[in-house]
Amino acid sequence: MSDRVVIVTGGSRGIGAATAMLAAERGYGVVVNYTANVAAAEAVCARIHATGGVAVAVRGDVSSEADIDHIFAAADRMGTLAGLVNNAGVVDLAARVEDFDAARLTRMFAINTLGTILCSGRAVKRMSTKHGGKGGGIVNVTSAAAKLGAPGNYVDYAAAKGAVDSFTVGLALEVAGEGIRVNGVRPGIIDTEIHASGGIPGRAAEMAPSVPIPRAGTAEEVARAILWLLSDEASYTTGSVINVTGGRGIAP
Ligand code: NAP
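The following paragraphs examine the structure supplied in this document.

How each quantity is defined
Residues numbered from 1 in each chain as written. Predicted model: local features only at pLDDT ≥ 70, side-chain atom pairs only at ≥ 80, totals over all residues. Heavy atoms only, no water. Axes fitted to C-alpha atoms, helices over the stretch in contact; angles between N-to-C directions. Helix = DSSP H or I, 4+ residues; strand = E, 2+ residues; numbered from the N terminus. Parallel < 35°, antiparallel > 145°, perpendicular 65-115°, else oblique. Left-handed = near helix turned anticlockwise from the far one by under 90°. Contact = heavy atoms within 4.5 Å. Nonpolar A, V, L, I, M, F, W, Y, C, P; charged D, E, K, R; others polar. Near = heavy atom within 4 Å. Polar contact = N/O pair within 3.5 Å; in protein donor to acceptor, adjacent residues only side chain to side chain. Expected span 1.5 Å × (residues − 1). Bend = angle between axes of the 7 residues up to and from the residue. Phe/Tyr/Trp six-rings, centres within 6.5 Å; stacked < 30°, edge-to-face > 60°. Buried < 20%, exposed > 50% of the residue type's maximum accessible area, 1.4 Å probe, protein only. Lys NZ or Arg CZ within 6 Å of the ring centre and 35° of its normal.

1. Examining the packing of helix 1 (residues 14-25) against helix 9 (residues 219-230)
The contact between helix 1 and helix 9 brings their axes to 8 Å, and the two run at 55 degrees. Taken together, the axis directions place helix 1 and helix 9 in an arrangement best described as oblique. Crossing hand, helix 1 versus helix 9: right-handed. Packed against helix 1, whose contacting residues are Gly-14, Ile-15, Ala-18, Thr-19, Leu-22 and Ala-23, the element helix 9 presents Ala-219, Glu-220, Val-222, Ala-223, Arg-224, Ile-226 and Leu-227 at the interface. Split by residue class, the contact of helix 1 with helix 9 holds nine nonpolar, two polar and two charged.

2. A few points about unusual backbone geometry
Phi is positive for Ala-150, which is not a glycine, with a value near 55 degrees. Here Ala-150 shows up in the loop between helix 5 (145-148) and helix 6 (155-175).

3. Regarding the site of the ligand
Neighbouring the ligand are 31 residues, the closest being Ser-12, Ala-36, Asn-87, Tyr-157 and Thr-192. With respect to the ligand, the side chain of Ser-12 contributes an N or O atom lying 2.6 Å from an oxygen atom. In the environment of the ligand, an oxygen atom lies 2.8 Å from a nitrogen or oxygen atom belonging to the backbone of Asn-37. At the level of secondary structure, the elements contributing two or more residues to the shell around the ligand comprise helix 1, strand 2 (29-34), helix 6 and helix 7 (194-197). The residue makeup of the shell around the ligand, split by class, is 13 nonpolar, 14 polar and four charged.

4. Considerations on helix 4 (residues 102-127)
In this model, helix 4 (26 residues) spans 35 Å end to end at C-alpha, consistent with the 38 Å of a helix rising 1.5 Å per residue. Taken as a whole, helix 4 carries its principal kink of about 40 degrees at Ala-110.

5. Regarding the packing of aromatic side chains
Using the criterion set out here, one finds one aromatic pair in the structure. An angle of 75 degrees between the planes, with centres 5.3 Å apart, marks the rings of Tyr-154 and Tyr-157 as edge-to-face. Both residues of the pair, Tyr-154 and Tyr-157, count as buried. The ring of Tyr-28 is capped by Arg-4, whose NZ or CZ atom sits 4.2 Å from the centre of that ring.

Shown next, in the form of structure tokens:
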């Protein structure tokens, strides 16, 4: 049993995998959630186990309430929930708004927005002092797209992440007196497989020269911001969304 469990949704690859490994290094028992890539999730857990850490891979689609309950049940078996990182997220192929259909929009908002809100509700039930919990932290992984709008690529993704930004502020204020801090991290161009899933595998390298710090970011650089927000070092920080963008998209 661990007295400090963190759930990382989408912990099998990219930013989530880096977050899961850093969380284990910092002493958390980690629920490494994934939806399809069991091999990647098991590999993250194996790396954590190899260094003496505690982790379990748990399949579950964050857009399904039954799956979310399964993920949280695994966390309950591991110990006391202290943190949730709402990291699972998807893009879609670049398209203009007039070409979006309901199926695309439903998936986009179900995973990126509804998943974040539904998982957060389960975490509040366990961590809020109002419900007998010991407090904890929630970190939502949003996107610079929420500010930039992603025109011509995925305005729907930007809107789904913009909703997460608003949700972060609202939930932070709702539970500020209940021992839970809620913050967000807004990554810019980070070198992960998400770009290939959106049909542009070279996107990070192509965009790198246009970033004020002229390179793509790494998953580990985002993970460090997430772990800071979860930690007591950030004990007076709530309702904040930190840009981890190398300066991209920060000008009003
Ligand atoms: P990634 O490399 O594509 O990894 C996505 C992760 O999410 C995988 O672990 C995947 O699991 C999981 N996942 C996808 N759909 C899921 C679902 N329905 N339920 C549960 N897990 C699901 O993505 P990434 O680049 O690390 O992105 C992580 C987060 O950062 C996302 O929220 C993304 O929007 C955000 N972000 C990324 C960038 C960037 O440039 N990379 C920029 C801004 C924001 P499987 O392995 O099982 O497929």
